[in-house]
Amino acid sequence: MSEREPARAEEPRVEVSRGSAAEFAEELRTLAPSLPDRINADPEHVENGLARLVLTVIELLRNVLEHQAVRRMDGGTLTDEEVERLGLALMRLDERMQELKHTFGLSDEELTIDLGPLGRLG
Amino acid sequence: MLHLYCLTAPRSEGVAAGVRGLAGAPVRVVSTGALDAWVSEHAEAPHPVTVELVREHDRVVRAALAWEAPLPARFGQDFPSEGALRRALAEREAALARALERVRGAVEMTVRVLLADPAAEAEKGAEGAREGPSGPPKPPAAPDDAQVAKSAAGREYLSRLRERQRREAELRHRADFLQTRIARAVAGIVLEEARTPSRPSSRSLTISHLVARRALSDYRRALRSFVDGEPGLRVLISGPWAPYSFTEPRRE
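Residues take numbers from 1 onward in each chain, read along the sequence in its written order. Chains carry letters from A onward and ligands carry numbers from 1 onward, assigned in written order. Confidence filtering applies because this is a predicted model: local features only for residues at pLDDT of at least 70, side-chain atom pairs given and counted only at 80 or more, and all residues used for totals across whole chains, interfaces and linings.

Comments concerning the overall build of chain B
Just so we agree on the cut-off: Runs of E in the DSSP output that reach at least two residues are strands. Runs of H or I that reach at least four are helices, and both are numbered from the N terminus. Backbone-placed C-beta atoms define the burial measure: a residue is buried with 20 or more other C-beta atoms within 10 Å of its own, exposed with 12 or fewer, and partly exposed in between.
Within chain B one finds eight helices and nine strands. Residue burial in chain B is summarised as follows: out of 252 residues, 32% are buried.

A few points about the overall build of chain A
The condition that has to hold: What counts as a contact is two residues whose backbone-derived C-beta atoms lie within 7 Å of each other.
Scanning chain A from terminus to terminus reveals three helices and three strands. Order of helices (α) and strands (β) in chain A, N terminus to C terminus: β-α-α-α-β-β. In chain A, the proportion of contacts linking residues at least 24 apart, taken out of those at least 6 apart, comes to 64%.

As for helix H7 (residues 153-185) of chain B
Put simply, the test is: To estimate the expected span of a helix, subtract one from its residue number and multiply by 1.5 Å.
In a regular helix each residue adds 1.5 Å, so 33 residues correspond to 48 Å; H7(B) covers 48 Å between its end C-alpha atoms and thus fits that length. Listed in full, the buried residues belonging to H7(B) are Gly154(B), Tyr157(B), Leu158(B), Leu161(B), Leu171(B), Ala175(B) and Ile182(B).

Here's the deal with the sheet that holds strand S8 (residues 204-212) of chain B
The strands that make up a sheet pair up through hydrogen bonds in the backbone, lying either parallel or antiparallel. In plain terms, the rule: What makes two strands pair is DSSP finding at least two bridges between them. Convention adopted: a line fitted to C-alpha atoms gives each axis, helices being fitted over their contacting stretch, and angles between N-to-C directions are expressed from 0 to 180 degrees.
Reading across the sheet, the five strands line up as S1(A)-S9(B)-S6(B)-S8(B)-S7(B) and stay open at both edges, with antiparallel pairing between neighbours. Single-partner strands in this sheet number two, and they are strand S1 (13-16) of chain A together with strand S7 (190-195) of chain B. Each neighbouring strand pair of the sheet contributes to a mean axis angle of 20°, computed without reference to strand direction. In this sheet, strand S9 (residues 234-241) of chain B lies alongside S1(A) in antiparallel orientation, the contact comprising four bridges. Residue pairing in the sheet places Glu15(A) in a bridge with Ile237(B) of S9(B). The strands that helix H8 (residues 216-228) of chain B touches are strand S6 (106-114), S7, S8 and S9 of chain B; relative to S9(B), the one it contacts most, it runs at about 175°.

Overview of helix H2 (residues 51-65) of chain B
Its 15 residues give H2(B) an end-to-end C-alpha distance of 20 Å, which sits within 8% of 21 Å, the value for a rise of 1.5 Å per residue. All of the buried residues along H2(B) are Glu56(B), His57(B), Val60(B), Val61(B), Arg62(B), Ala63(B), Ala64(B) and Leu65(B).

A look at the confidence of the model for chain B
Residue and element names in this part refer to chain B. The line we're drawing: The predictor's confidence in any single residue is recorded as pLDDT, a number from 0 to 100.
Averaged over all residues, the pLDDT of chain B is 85; the fraction at 70 or higher stands at 84%. Here residues 131-140 scores under 50 on pLDDT; set against residues more than four positions off or in separate chains, the count is 13 contacts. The ipTM for the predicted assembly is 0.71, set against a pTM of 0.75.

Observations regarding the nonpolar core
Here is the rule we go by: Working definition: the nonpolar core is a set of buried Ala, Val, Leu, Ile, Met, Phe, Trp, Tyr and Cys residues, joined through C-beta atoms within 7 Å.
Tyr5(B), Cys6(B), Trp38(B), Ala64(B), Leu100(B) and Val111(B) are the most contacted members of the largest nonpolar core, which totals 47 residues. Those residues in contact with Leu100(B) that sit more than four places away from it in its chain are Leu7(B), Ala9(B), Leu35(B) and Leu71(B). Val83(A), Leu86(A), Tyr157(B) and Leu158(B) belong to the second largest nonpolar core, which has eight residues in total.

Topic: unusual backbone geometry
Residues and elements named next belong to chain B. In this structure, the amide linkage connecting glycine 239 to the following residue, proline 240, adopts the cis form with an omega of 5°. Not every positive phi belongs to a glycine, and arginine 11 is a case in point at roughly 65°. Here arginine 11 lies in the loop between strand S1 (2-8) and helix H1 (13-16).

Here's the deal with the confidence of the model for chain A
Residue and element names in this part refer to chain A. For chain A, mean pLDDT is 76; residues scoring 70 or higher make up 70% of the total. No element of chain A has a lower mean pLDDT than strand S3 (residues 120-121), which averages 57, and none a higher one than helix H3 (residues 80-104), which averages 92. Ignoring residues within four places in sequence, the model shows residues 1-7, a span with pLDDT below 50, making eight contacts including any to other chains. Note on residues 36-43: pLDDT is under 50 here. Beyond four places in sequence and across chains, it has nine contacts.

Topic: the pairing of strand S3 (residues 36-41) of chain B
Residues and elements named next belong to chain B. Across the six residues that make up S3, a large majority, five, are buried. Bridging between S1 and S3 involves six bridges; their strand directions are antiparallel. Each residue of the ladder has a partner; that of histidine 3, found in S3, is serine 40. In terms of strand pairing, strand S2 (residues 28-31) meets S3 through four bridges, oriented antiparallel.

Details of the packing of H3(A) against H7(B)
Convention followed: Throughout, the term roughly parallel applies to angles under 35 degrees, roughly antiparallel to angles over 145, roughly perpendicular to angles from 65 to 115, and oblique to all others. Each helix crossing is assigned a hand: it is left-handed if the near helix lies turned anticlockwise from the far helix by less than a right angle, otherwise right-handed if that turn is clockwise.
Where H3(A) contacts H7(B), the two axes come as close as 7 Å, and the packing angle between them is 70°. As judged from the angle between their axes, H3(A) and H7(B) are roughly perpendicular. In the crossing of H3(A) with H7(B), the sense of the turn from one axis to the other is left-handed. Residues Val83(A), Glu84(A), Arg85(A), Leu86(A), Gly87(A), Leu88(A), Leu90(A) and Met91(A) of H3(A) pack against Ala153(B), Gly154(B), Arg155(B), Tyr157(B) and Leu158(B) of H7(B).

What about the environment of Arg72(A)?
Mapped onto the elements of the fold, Arg72(A) is located in helix H2 (residues 43-75). Each C-alpha atom of the pair Arg72(A) and Val83(A) lies 8.7 Å from the other, and the pair is eleven residues apart in sequence.

Rendered as structure tokens:
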């Protein structure tokens, strides 16, 4: 231990490039709901925790479906009516998800799956 | 119940003495010989995850950092007894000692960049108008065949999706490009780099750097020089922090 450098307590500092402080403040405010969370064993919170888990999985599947739908539309293999039906179905799924998120008080930021170095899904 | 704050090198008792943790509880050290665990005792656990409590947790970690880089514990790592904590540490002692050695003498610095995305602003306005000012959207009635034939809403929705996917791909490309350039700017100064995963639609790029304490001035100078050479780039540099992003086993 004696060979360690002497401790120097340096307080954290924040430096912001000129003219961008307000934008960063706004960006950080939107991140507040994404504070790391976990399922709380309190019965009152269990429902919300499970809803978050289930909605996260649905959101992931929805994103996969959306990518596939756009690829199929661009691929030209769908008729106009099929494109319209597919679009309407996904639009309604999106609207239903917005409704459920509102019901459970969940933000988009909370419905993500962190895959570490692979990024986040959702 | 013991709340774990961080692990440090041995013989940290003198540093921990007088430090207060969650709810003002005194912090004490549980030593395995190779590692010291900073803990506080609580009658009830788990603690709810709140900004205030996470800050209190971090304050203890920072007190350790003032002495030497600790391995910060994730908030919420509670153990029913000292024996349980000792057993958990014993199972991974060698790996934890290696992890501690990895961050020794170093701190974490964070670089956050806001990426330009004018297209997102335009779409945000359009989506705001679609969703209305408050409350959830009303579920639409199921379409019949005639309705589908007349409507173009589905195609328009898919077109909007396509645009969003293009924009997200462009954001990813910009973020990757900037990450490479920042890495070049601090090459030879940082020990390691970790990128925080973000949502596909996120306009921000967050990179953490593990930097030797003695290299902090060089690090800041190198980044300032990079930012000065990029007028209009929106960058936030913060730290030094405890090495929260460098506690997982390194990928070889």
